[in-house]
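Descriptive analysis of the structure
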Amino acid sequence: MTVSLGLPTMPGRAPADDLLPARPPSDAAPGLLDRFGRTATDLRVSLTDKCNLRCTYCMPAEGLPALPREQALDADEIVRLVGIGVRDLGVRQVRFTGGEPLLRADLIDIVRRVAAIDPRPEVSLTTNAIGLAHRAQALADAGLDRVNVSLDSLHAETFMKVSRRPFLDKVLAGVDAAAAAGLTPVKINAVLLPGINDHEAPDLLAWALRGGHELRFIEQMPLDADRSWDRASFVTSRDIHSLIATRFDLSPADVERDGAPAELFDAVGRGDDAGLAGRVGIIASVSEPFCADCRRTRMTAEGGIRSCLFSGGETGLRDLLRSGASDLELADAWRGAMWAKPSGHGIDDPDFVQPERTMSAIGG
């Protein structure tokens, strides 16, 4: 839903910050509305900042200091906050992320309790799939609807180079187990890095189509711990399109994007790939940002609400919750955090500053 706030605008531009009210209007919709008329209905919940990979675009080789256990939300706190988001703030989709969410011993319990919330949200999981082979069926039985699996290469040597861990076989086993458990469509997330795995784009697509999976290529974003992201050399959506087109014919998919981050294409194989057909998505967060229709709200493992992946700050709900705040008070603080959402991530702005938190600490 988009709400008109009656604010002055220039063609093609959002209202300037100094023209925007500091709080939601009293007659505004009760959901997670921001100052630019967007309403967040997709909640990303980071369950942990720990990960068993060290992907170059996310974490340093030596890892990062882990969040102390007492600072992280426990299962009861997570379920309560997600419940407020669903029942009181209009959240319809809940995706659990990390770090690596499979490292939470109570993950299945959390999924079961969130899937039981009324009205029931769609419940999904973004994972590197290490360990998923042993838990996929239990997660499906608990109410998980589907999974997104991060997989950047089908070659063990390249997988090791990107992730700094020799676990490709475990990831592939996890993908197979997720499909067998009915967590479909299994969505595969791949980040292409120049000179490392970008040449694998057609192979990844062919593999995904053969397995009945949906592949999403994601542009590398400036959220790495090493601060090595380079605006001049990352693989753009146009590059990705060109790489895929060497073996597949692509045409825009006839579906409503409806706030989704991926632009979808119908892909039809040629030559040795003849007979392969399906959909592929490209998430062009940097080169073709979709901020104007962003519908996401994010919660960190310690209960911080982030209105944008690239936010410089966040609104903490944990201390408010632990001090005895009511659901109404927690909902109001959450609404205030989202009302302050910027019009865009600002990566192209001359004064853009990369967030101090890395992707592993924010949650995808």
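The sections below set out a description of the structure shown in this document. These figures come from a predicted structure and were not determined experimentally.

Parameters and conventions
Residues numbered from 1 in each chain as written. Predicted model: local features only at pLDDT ≥ 70, side-chain atom pairs only at ≥ 80, totals over all residues. Heavy atoms only, no water. Helix = DSSP H or I, 4+ residues; strand = E, 2+ residues; numbered from the N terminus. Buried < 20%, exposed > 50% of the residue type's maximum accessible area, 1.4 Å probe, protein only. Contact = heavy atoms within 4.5 Å. Areas by Shrake-Rupley, 256 points an atom, 1.4 Å probe, with all protein chains shown as cover. Pairing = 2+ DSSP bridges. Right-handed = clockwise from strand over helix to strand, strands pointing away. Disulfide = S-S within 2.5 Å.

**Description of the overall build of the protein chain**
Of the regular secondary structure elements, the protein chain holds 10 helices and 14 strands. Buried positions account for 54% of the 364 residues belonging to the protein chain. In the protein chain, once contacts between residues fewer than 6 apart in sequence are set aside, the share between residues at least 24 apart is 73%. With an accessible surface of roughly 16,000 Å², the protein chain has 51% of that area assigned to carbon and sulfur atoms.

**Notes on the pairing of strand 10 (residues 263–269)**
Here 5 bridges tie strand 9 (residues 248–252) to strand 10, and the two strands are oriented antiparallel to one another. The partner of Pro-252 across the bridge, within strand 10, is Phe-265. Summarising the sheet, strand 10 and strand 11 (residues 277–283) pair through 6 bridges and their orientation is antiparallel. Opposite Leu-264, over in strand 11, you have Gly-281 as the bridge partner.

**Concerning the pairing of strand 3 (residues 42–46)**
A regular strand places its side chains on the two faces of the sheet in alternate fashion. By the criterion of burial, strand 3 is predominantly enclosed, with 5 of the 5 residues buried. Side chains Asp-42, Arg-44 and Ser-46 of strand 3 all project onto a buried face; the interleaved residues Leu-43 and Val-45 project onto the opposite face, where all are buried too. Relative to strand 4 (residues 93–97), strand 3 runs parallel, the two sharing 5 bridges. Bridging from a neighbouring strand, Arg-44 pairs with Arg-95 of strand 4. Handedness of the crossover joining strand 3 and strand 4 through helix 1 (residues 75–89): right-handed. In this sheet, strand 12 (residues 296–299) lies alongside strand 3 in parallel orientation, the contact comprising 4 bridges. Note on strand 12: the bridge partner recorded for Asp-42 is Arg-296.

**Things to note about the state of the cysteines**
Across all of its chains, the model carries 0 disulfides by this definition. The cysteine Cys-55 is free of any disulfide, with Cys-51 supplying the nearest cysteine sulfur at 6.4 Å.

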